[in-house]
Amino acid sequence: MPVLGHALAGGAVAVYTRPTYPPRAVAWWPPLLVVLSYVPDVASQAAMIGGASHDVRHVTHSVTFVAAFSLMTAWPIARLLGLTSRNALSITLFVTLLHVLMDMLQGTIRRPFWPVSGWAAPEWLEIIPRDPIGEALLFLVLFALVAGAAYVRRIADVARGRDEREPLEPRSPRGHRLAARIAVLFTLLSAGATHQLRRERGEQFERVQALMNQRRYAEALAAADDADRWPYPARPGRLDYVRAEALAALGRREEAETYYLRSIDADRDYFWSVADLAVNYASWDKPVEWRRARLAPWIARLKTRFADHERLDHVLAKIERKLNSSREKVSG
């Protein structure tokens, strides 16, 4: 997820939509929008602390969740800030949907329409850098552009006599303004700390891959558990795929099946999860007829969903070799 990007996006929306009245809204507008920009992540983390698996992110990063959250919180936000319920609903819906869109553009969530549709965002949509520095630079530039556009718009409004008028009520109390600034600062510091933590998670994931390349599978499994924590370092399902590969290499094929299926559930368009699950089934110590029956739906998926994949023929040949090899052993 774009950790600093969410804070900067919320701040940019706050700058561009800055209200001039009522006073409470003026004071609390920036911290409110910055906090709202993290709602899907806060909800998923709270659910996981309560015992849910990290698959709960499919729920909290869905349009369904965003719509439900916005409808439930619009009235309290309107009452708190003195806004109309319509305005509160619009801004809450916009900022939280922006979070989902940004995660989708970085490839950290793939199925935004849970549970209505299983559609998965294609990988070519991943245009936000995963590198924390690249991400931060991108969103700093975008924030500067939005802030500049807001400034130009206000100058134009002043020239037309449409802004900077005397407020109908006194300015927000100084204590409110100070508390709001502290809230923004705390949120930004938390985002910065999370940003650094995600870099560490990325380094942990690289270590997992290095251990797999060195065939140190037991160590890779332990390292995967360390890396598989919020904020997650890899694309959806990738750590489960690595676990499955390690377990399969250790001969623990039934355990590997569980993680292959979890990986496929997280990202249905990842070829290697489906391909290696099929190879795993072909390698089981079961009768060939049983394995062919188990393989049938996955072979069909490979031939339809991944018909154009450059490694499809290689994988299908590998599966057939494993089936034939086991038959020869039984015959011998």
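Residues numbered from 1 in each chain as written. Predicted model: local features only at pLDDT ≥ 70, side-chain atom pairs only at ≥ 80, totals over all residues. Heavy atoms only, no water.

Looking at the packing of aromatic side chains
- For the structure shown, the criterion picks out 8 aromatic pairs.
- Plain terms: the ring middles of Phe271 and Phe306 are 5.4 Å apart, the flat faces sit at 75 degrees to each other, and that makes the pair edge-to-face. Taken as a pair, Phe271 in helix α12 (residues 271–282) and Phe306 in the loop between α13 (288–305) and α14 (312–331) lie far apart in primary sequence, 35 residues in all. As far as burial versus exposure is concerned, Phe271 and Phe306 are alike and both buried.
- The interplanar angle of 15 degrees and the centroid separation of 5.3 Å between the aromatic rings of Trp284 and Trp290 together place this pair among those described as stacked.
- You can call Trp284 buried: its relative accessible area is 8%. (Phe/Tyr/Trp six-rings, centres within 6.5 Å; stacked < 30°, edge-to-face > 60°. Helix = DSSP H or I, 4+ residues; strand = E, 2+ residues; numbered from the N terminus. Buried < 20%, exposed > 50% of the residue type's maximum accessible area, 1.4 Å probe, protein only.)

Considerations on α12
- Between the first and last C-alpha of α12 there are 17 Å, a value that for 12 residues agrees with the 16 Å anticipated at 1.5 Å per step.
- Of all 12 residues in α12, 11 are buried, a share of seventy percent or more.
- All of the buried residues in α12 are Phe271, Ser273, Val274, Ala275, Asp276, Leu277, Ala278, Val279, Asn280, Tyr281 and Ala282. (Expected span 1.5 Å × (residues − 1).)

Quick word on unusual backbone geometry
- Residues Trp114 and Pro115 are joined by a peptide bond in cis, for which omega reads -10 degrees.
- Structurally, Pro115 can be placed in the loop between α6 (85–106) and α7 (132–159).
- One non-glycine residue, Arg215, lies in the positive phi region at around 60 degrees.
- Along the polypeptide, Arg215 turns up in the loop between α8 (174–213) and α9 (217–227).
- Overall, Arg215 belongs to the exposed group, its relative accessible area being 65%.

Comments concerning the confidence of the model for the protein
- Mean pLDDT over the protein stands at 85; residues scoring 70 or higher make up 91%.
- Residue range residues 165–170 is modelled with pLDDT below 50. Its contacts to residues more than four positions away, or to other chains, number 4 contacts.
- Of the regions scoring below 50 in pLDDT, residues 328–332 engages in 0 contacts with residues more than four places distant in sequence or in other chains. (pLDDT = per-residue confidence, 0-100. Contact = heavy atoms within 4.5 Å.)

Re the pattern of salt bridges
- Tallied over the entire structure, the rule returns 11 salt bridges.
- Across the pair Asp228 and Arg243 runs a salt bridge, and its minimum N-O distance is 3.0 Å. In this pair, Asp228 is assigned in the loop between α9 and α10 (238–249) and Arg243 in helix α10, connecting sequence segments 15 residues apart. The pair formed by Asp228 and Arg243 is uniform in burial state, with each residue classed as buried.
- Asp269 serves as the salt-bridge partner of Arg305, at 3.0 Å between the closest nitrogen and oxygen. In this pair, Arg305 is assigned in helix α13 and Asp269 in the loop between α11 (253–266) and α12, connecting sequence segments 36 residues apart.
- Since its relative accessible area comes to 43%, Arg305 is described here as partly exposed.
- Residue class for Asp269 comes out partly exposed when judged on its relative accessible area of 29%.
- Salt bridges sharing partners connect three or more residues here, namely Asp225, Asp228, Asp240, Arg243 and Arg262. (Salt bridge = Lys/Arg side-chain N within 4 Å of Asp/Glu carboxyl O.)

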